[in-house]
Amino acid sequence: MRPRLPTGLYSAAAIAMLGLLITSCGGPRPPSIIATDHSALSTMERVMLNASACWFKSSDPAFTGYQLSPELNSFTGRPRILVVDKKHPTGRPSLVVQAEGNPAQLQAFGPMMNGASGGRITGDVNRWAAGSKNCN
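Cut-offs applied
Residues numbered from 1 in each chain as written. Predicted model: local features only at pLDDT ≥ 70, side-chain atom pairs only at ≥ 80, totals over all residues. Heavy atoms only, no water. Pairing = 2+ DSSP bridges. Helix = DSSP H or I, 4+ residues; strand = E, 2+ residues; numbered from the N terminus. Disulfide = S-S within 2.5 Å. Phe/Tyr/Trp six-rings, centres within 6.5 Å; stacked < 30°, edge-to-face > 60°. Buried < 20%, exposed > 50% of the residue type's maximum accessible area, 1.4 Å probe, protein only.

You'll find the chain entered in an unreviewed UniProt entry as Lipoprotein, with Rhizobium miluonense given as the organism.

This is the structure in structure tokens:
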């Protein structure tokens, strides 16, 4: 003799399967959204790549006497990039850009921020942190 399962169990399973079939066949689905990672590390990686390309590899006159020194592997949770004098790379940095948290909060400080390029640096860093790759 076979054990009988309650009829309600079969009915519930059949209704659930029918519901899945109907929802999977219903029209076009909205596109999935791929969110940009906004962690401190990923933000500073974007900033570093763009700073390298736009400020240094492009021979930007505002950065000719400097070199980029990334410090992304930070144990403090604040990945950063440094802009240092080419002649004294171990000296005090002229610019520090660092991020912390998720979403990242950026800071930029150093003598270059008080100079003629300070406003431009702020604009570039904010634009790159947001995901743009433009050098403007």
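For the rest of this paragraph, the subject is the pairing of strand β4 (residues 105–109). Direction of pairing for strand β3 (residues 95–100) relative to β4: antiparallel, over a ladder of five bridges. Residue pairing in the sheet places V97 in a bridge with A108 of β4. Here β3 hands over to β4 after four residues, with G101 in that stretch at a positive phi of 90°.

The next point concerns the state of the cysteines. Disulfide: a covalent bond formed between the sulfur atoms of two cysteine residues. Using the criterion set out here, one finds one disulfide in the structure. What pairs with C54 in a disulfide is C135, and their sulfur atoms sit 1.9 Å apart. Across the S-S bond of C54 and C135 the torsion is about -75°, and the bridge reads as left-handed. Taken together, the residues span a long stretch of sequence, with C54 in helix α2 (residues 40–57) and C135 in the segment after α4 (118–129) at a distance of 81 residues.

By the definition in use, this model includes three aromatic pairs. Note on W55 and W128: the rings are 5.1 Å apart at their centroids and 55° apart in plane angle, and the pair reads as tilted. Highlighted residues: W55 in helix α2 and W128 in helix α4, separated in sequence by 73 residues. Take W55: its relative accessible area is 1%, and that puts it in the buried class.

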